[in-house]
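# Fold and geometry: a report
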Amino acid sequence: MKTKLSCLEMSTFMFYIMRCFFIGITINNIVYIANQDSYLSIIIGFLIGFIPLLLFYYLSSYKKELNIVELIEHLLGPYLGKGINLILSVFILFLSTIIYWNFTTFIASQYLSDTPALAISFIFLFPTIYLLNKGIYVIAKSSVMMFYICIVLTLLPFIGLFFQLDMDNFLPFLYQGPTPVLKGSFIYLTNNVLPIFLLLIIPKEMVEEHRKLPKNLILFYIMTTILLFILFFLTLGIFGVNLTKFFQYPEFHLLKRASLFGFIQRIESTLSIQWILDLFMCNIIALYYVVESMRITFHIQSKKIYQIILITVSLFVSIASNHVFKNNTIGAEFLMFPFSFLLYLFFFLIPFFLILIAHMKRKTQ
């Protein structure tokens, strides 16, 4: 029986997490804030993103045999540690609800417009429970298979779309100054980089040849950012600012402009499966974090109780995702800045606080 994850499997988790909030959230927000200069926000956010990557690497290396839940209890003690873990679990459960809301909204709006969102939620509830029940090793194998599908579906449309670029859509340069660009970079950083914190639920010692893991993660970090940047650059360069703002999912409509080999057209429904896989897998990782955190916090040994918690949490997210926002307008307003500040608080400030404590403990020892 397999007892270790490969570096590739861990890296594919990062791939999904970074891409998850891009569709329908990040791309819409940074275009709304920075307009034609919004592509600069991704570049700046990417460069700043190496800072939280280093912080997360420090946390994962401090006690290689512990995941983040166990590490928090180790650093803060059993009582305060459990409290912080419960707060983090509640937030990540809310995060999973947001992911599932975006997931069902995308499918309902672009594929199954006559199907209730709740029905779509329950359809994908069963594979979610199945994968979670099988454990992290089966999730990891599924992640690698879906990764190759996503890469193929991502690269296929790029060739034909590059010839449709209109560089005038990026002018005038810095028309509103640098402030909107920096705000957009904060959106990209919080939405697409900081959620990598979820990977800390897997102890570093659980990874084969974990000394190679940092290089693999940095490679995937750079590769994923390049793919997201190209997608965004093509969307803005072909549609322009106004048309990009008009669509709820401009990436999907961009694929309507794509064709394969010059004659295979109307392939957007097939190519956009990549984003369904991104959202689905990121939601699996978030739910795995919540369930594992509860197992460790409450010292759950019974497999039957663990499965009941797993099913209950998955079912809760499926139902709650249909009621988290009254309408898409309220959802868009919340996902602009309040959501980013919450991500910043839970996925940067709390880890930074933990690093200070870990550093002080190591220094005193």
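Everything that follows concerns the structure shown earlier in this document.
The sections below set out a description of the structure shown in this document. Just so it is clear, the structure is predicted and the values come from calculations on it, not from any experiment. For every chain, the first residue of the written sequence is number 1, and numbering continues from 1 along that sequence. Reporting of local features is limited, given that this is a predicted model, to residues whose pLDDT is at least 70; pairs of side-chain atoms are given and counted only at 80 or more, and all residues count toward the totals for whole chains, interfaces and linings. Each side-chain value is worked out from all heavy atoms of the structure, with water and hydrogens disregarded.

### Some details on the overall build of the protein chain
The following threshold applies: Each helix is a run of DSSP H or I of at least 4 residues and each strand a run of E of at least 2, with the numbering of both proceeding from the N terminus. We compute the radius of gyration from the C-alpha atoms alone; for a globule the expected value is 2.2 Å times N to the 0.38, where N is the number of residues. We call two residues in contact whenever any of their non-hydrogen atoms come within 4.5 Å of each other. Areas reported as accessible are Shrake-Rupley estimates using a 1.4 Å probe. Residue values count occlusion only from the protein chains shown. For the purpose of counting charges, residues Lys and Arg are taken to be positive, whereas Asp and Glu are taken to be negative. His and the chain ends are not included. In plain terms, the charge of a residue is placed at NZ if it is Lys, CZ if Arg, CG if Asp and CD if Glu.
Summing up its helical and strand segments, the protein chain has 17 helices and 0 strands in all. Against the globule reference of 21 Å for 365 residues, the protein chain gives a C-alpha radius of gyration of 20 Å, in line with a compact fold. C-alpha extents for the protein chain along the principal axes are approximately 60 × 45 × 40 Å. For the protein chain, the proportion of contacts with a sequence separation of at least 24, taken over those separated by at least 6, is 85%. Element-wise, carbon and sulfur atoms account for 69% of the exposed surface of the protein chain, whose accessible area totals about 16,200 Å². With 24 positive and 16 negative side-chain charges, the protein chain shows a separation of 8 Å between the mean positions of the two kinds.

### Let's talk about helix 4 (residues 50-62)
Under the convention used in this document: For a helix, the expected span equals 1.5 Å multiplied by the number of residues minus one. A 1.4 Å probe rolled over the protein chains alone gives each residue an accessible area, and that area as a share of the maximum for its type sets the label: buried under 20%, exposed over 50%, partly exposed in between.
When the terminal C-alpha atoms of helix 4 are compared, their 18 Å separation across 13 residues agrees well with the 18 Å that a helix rising 1.5 Å per residue should span. Among all positions of helix 4, only Pro-52, Leu-53, Leu-55, Phe-56, Leu-59, Ser-60 and Tyr-62 are buried. Tucked into the core, helix 4 has its buried residues touching helix 1 (7-20), helix 3 (38-48), helix 5 (68-76), helix 10 (178-192), helix 11 (213-246) and helix 17 (338-364).

### Describing the packing of helix 8 (residues 136-155) against helix 11
Put simply, the rule reads: Between N-to-C directions, angles cover 0 to 180 degrees, with each direction set by a line fitted to C-alpha atoms, over the stretch in contact for helices. Handedness of a crossing is defined here by the sense of rotation of the near helix relative to the far one, left-handed for an anticlockwise turn of less than a right angle and right-handed for a clockwise turn. Under this grouping Gly is polar, as are all residues other than the nonpolar Ala, Val, Leu, Ile, Met, Phe, Trp, Tyr, Cys and Pro and the charged Asp, Glu, Lys and Arg.
Viewed as axis vectors pointing N to C, helix 8 and helix 11 meet at an angle of 35°, and their least axial separation amounts to 12 Å. The crossing of helix 8 and helix 11 is left-handed. In contact with Phe-147, Ile-151, Thr-154 and Leu-155 of helix 8, helix 11 contributes Phe-220, Met-223 and Leu-227. Residue classes in the contact of helix 8 with helix 11 are distributed as 6 nonpolar, 1 polar and no charged.

### Focus on the nonpolar core
Keep this limit in mind: Here, nonpolar core refers to any group of buried Ala, Val, Leu, Ile, Met, Phe, Trp, Tyr and Cys residues whose side-chain atoms link them within 4.5 Å.
Membership of the largest hydrophobic core comes to 131 residues, with the highest contact counts inside it found for Ile-68 and Phe-347. When residues in this core are grouped by element, the largest group, 16 residues, is from helix 14 (residues 273-297). Ignoring any residue separated from it by four or fewer positions in sequence, one finds Ile-68 in contact with Leu-59, Asn-85, Phe-197, Leu-200, Ile-201, Tyr-289 and Leu-354.

### Brief notes about the pattern of salt bridges
Stated precisely, the cut-off is as follows: Basic side-chain nitrogens of Lys or Arg form a salt bridge, by our definition, when they fall within 4 Å of a carboxyl oxygen of Asp or Glu.
Applying the stated rule across the entire model yields 3 salt bridges. The shortest N-O distance in the salt bridge between Asp-278 and Arg-19 comes to 2.7 Å. Taken together, the residues Asp-278 in helix 14 and Arg-19 in helix 1 connect sequence positions 259 residues apart. The same class applies to Asp-278 as to Arg-19, namely buried. The closest approach of N and O atoms between Glu-292 and Arg-295, which form a salt bridge, is 2.9 Å. With Glu-292 and Arg-295 both in helix 14 and 3 residues apart, the pair spans about one turn of that helix. Classification of Arg-295 by relative accessible area gives partly exposed; the value is 29%.

### Quick word on the side chain of Thr-154
Quick note on the threshold: What qualifies as a polar contact is a pair of N or O atoms within 3.5 Å, subject to a donor-acceptor requirement within protein and to the restriction that residues adjacent in sequence count only when both atoms come from side chains.
Following the sequence through the fold, Thr-154 ends up in helix 8. Since its relative accessible area comes to 4%, Thr-154 is described here as buried. A polar side-chain atom of Thr-154 sits 2.6 Å from the main-chain carbonyl oxygen of Cys-150. At a separation of 2.7 Å, a polar atom in the side chain of Thr-154 contacts the side chain of Gln-274. Filtering out sequence-adjacent residues up to four positions away, Thr-154 remains in contact with Arg-19, Leu-227 and Gln-274.

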